[in-house]
Amino acid sequence: MPPRVVLVGLPGTGKSTVGIALARRLAVAFADSDKLVARQTGRSVSEIFRLQGEPVFRQLEADMIAEVLVSFDGVLALGGGAVTTESVRQGLLGSGVLVAHLRARQDELLRRVSGGRHRRPLLAGDTAARLAELAEVRARLYAEVASVSIDTDGRSVDEVAAALHGQLIGQPS
Ligand code: S3P
């Protein structure tokens, strides 16, 4: 069985926090591809990037996503760069699952990724410039896979989860 909904978007768009809130509303489980890969390998995502490199991480990520797309029926959040892998995009499109793209303004993303302890190897250095670059390169990839696009600016986690919940049960929000 495929997930009820898959959340995609740049780092800092709130995929995990919104995903957890949405899973609670739907009374289903929540999973995050980064955490699944970390659990499987016994390494954090930043360790995998540092010790094995990005291509190895992307392969582990794609394999994990292919597996959960057929075996997990909760709410699934994907790492922000998962859509850069062609097989992931094909898998999402072929699964028939509702893919929701969470969006936020660049200044808001920068604020969110700058706080907290979550380490993101691809944002190291000039984080604002890196984020802008990722946004530009990935915009069309998110648009390709997502059937719903949700703006998170100025909305609480619960408001975004409620909007998505409405989409899932076919009500306007
Ligand atoms: C990445 C985003 C991260 C994680 C890895 C690469 C990316 O996940 O998968 O650091 O390429 O944007 P989050 O989107 O949960 O931060």
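Since the structure is predicted, the reported quantities are computational estimates derived from the model, not experimental observations. Within any chain, residue numbers begin from 1 and follow the written order of that chain's sequence. Side-chain atom pairs in this predicted model are given and counted only at pLDDT of 80 or more, local residue features only at pLDDT of at least 70, and totals for whole chains, interfaces and linings cover all residues. As a rule here, side-chain values come from all non-hydrogen atoms in the structure, and water together with hydrogens is ignored.

Enquirer: An account of the packing of helix 4 (residues 54-71) against helix 5 (residues 86-95) is needed here, citing residue identities and associated values.
Expert: Here the axes come from fitting lines to C-alpha atoms, over the contacting stretch only for helices, and the angles between their N-to-C directions go from 0 to 180 degrees. In this description a helix means any DSSP run of H or I spanning at least four residues, a strand means any run of E spanning at least two, and both kinds are numbered starting from the N terminus. Viewed as axis vectors pointing N to C, helix 4 and helix 5 meet at an angle of 10°, and their least axial separation amounts to 10 Å. Judged on the interaxial angle alone, helix 5 and helix 4 are roughly parallel. Residues Ala62, Ile65 and Leu69 of helix 4 form the contact with helix 5, whose own contacting residues are Ser87, Val88, Gly91, Leu92 and Ser95. Oblique is the label for every angle not falling under 35 degrees (roughly parallel), over 145 degrees (roughly antiparallel), or within 65 to 115 degrees (roughly perpendicular). Residue contacts are defined here by distance: any two heavy atoms, one from each residue, within 4.5 Å place the two residues in contact.

Enquirer: Got a sec to walk through the pairing of strand 4 (residues 98-103)? Specific residues and values, please.
Expert: Between any two strands, at least two bridges found by DSSP are needed for them to pair. For strand 1 (residues 5-8) and strand 4, the ladder comprises 4 bridges, and the chain directions are parallel. By the bridge assignment, Val5 is partnered in strand 4 with Leu98. Looking at chain direction, strand 4 and strand 5 (residues 148-151) are connected through 4 bridges and run parallel. Counted as the bridge partner of Arg103 is Asp151 from strand 5.

Enquirer: Outline the side chain of Glu108, listing residues and values.
Expert: Looking at the element boundaries, Glu108 is found in helix 6 (residues 106-114). Reaching out from Glu108, the side chain makes a polar contact with the side chain of Arg111 at a distance of 2.6 Å. Polar contact criterion, stated in full: a pair of N or O atoms within 3.5 Å, where within protein one must be able to donate a hydrogen and the other to accept it, and residues adjacent in sequence count only if both atoms are side-chain atoms.

Enquirer: Mind laying out the site of the ligand, listing which residues take part and the relevant values?
Expert: Near the ligand there are 15 residues, and of these Lys15, Asp34, Arg58, Arg120 and Arg138 occur at the shortest range. The side chain of Lys15 places a nitrogen or oxygen atom 2.8 Å from an oxygen atom of the ligand. Measuring from an oxygen atom of the ligand, one finds a side-chain N or O atom of Arg138 at 2.7 Å. Applying the majority rule of atoms within 2 Å of the grid points places the ligand in the largest pocket. Listed by contribution, the elements that provide at least two residues to the shell around the ligand are helix 3 (45-52) and helix 4. Consider each residue's heavy atoms; a residue with any of them within 4 Å of a molecule or strand counts as near. The distinction between a cavity and a pocket rests on a 1 Å grid over the protein atoms alone: a 1.4 Å probe fits inside a cavity but cannot get out, while a pocket stays open yet meets protein on both sides within 12 Å along at least five of seven lines, and a residue with an atom within 4 Å of a point counts as lining. Those molecules having more than half of their atoms within 2 Å of a cavity or pocket grid point set are described as sitting in that cavity or pocket.

Enquirer: Which residues make up the sheet that holds strand 2 (residues 30-32), and what values do they have?
Expert: A sheet is described by the order of its strands in space; here 5 strands give the open sequence 2-3-1-4-5, paired in parallel fashion. The open sheet has two edge strands, strand 2 and strand 5, and neither has a second partner. Sheet twist, expressed as the average angle between the axes of neighbouring strands with direction ignored, equals 25°. Of the pairings in the sheet, the one linking strand 1 to strand 3 (residues 75-77) comprises 3 bridges and is parallel in character. Looking across to strand 3, one finds that Val6 is bridged to Leu76.

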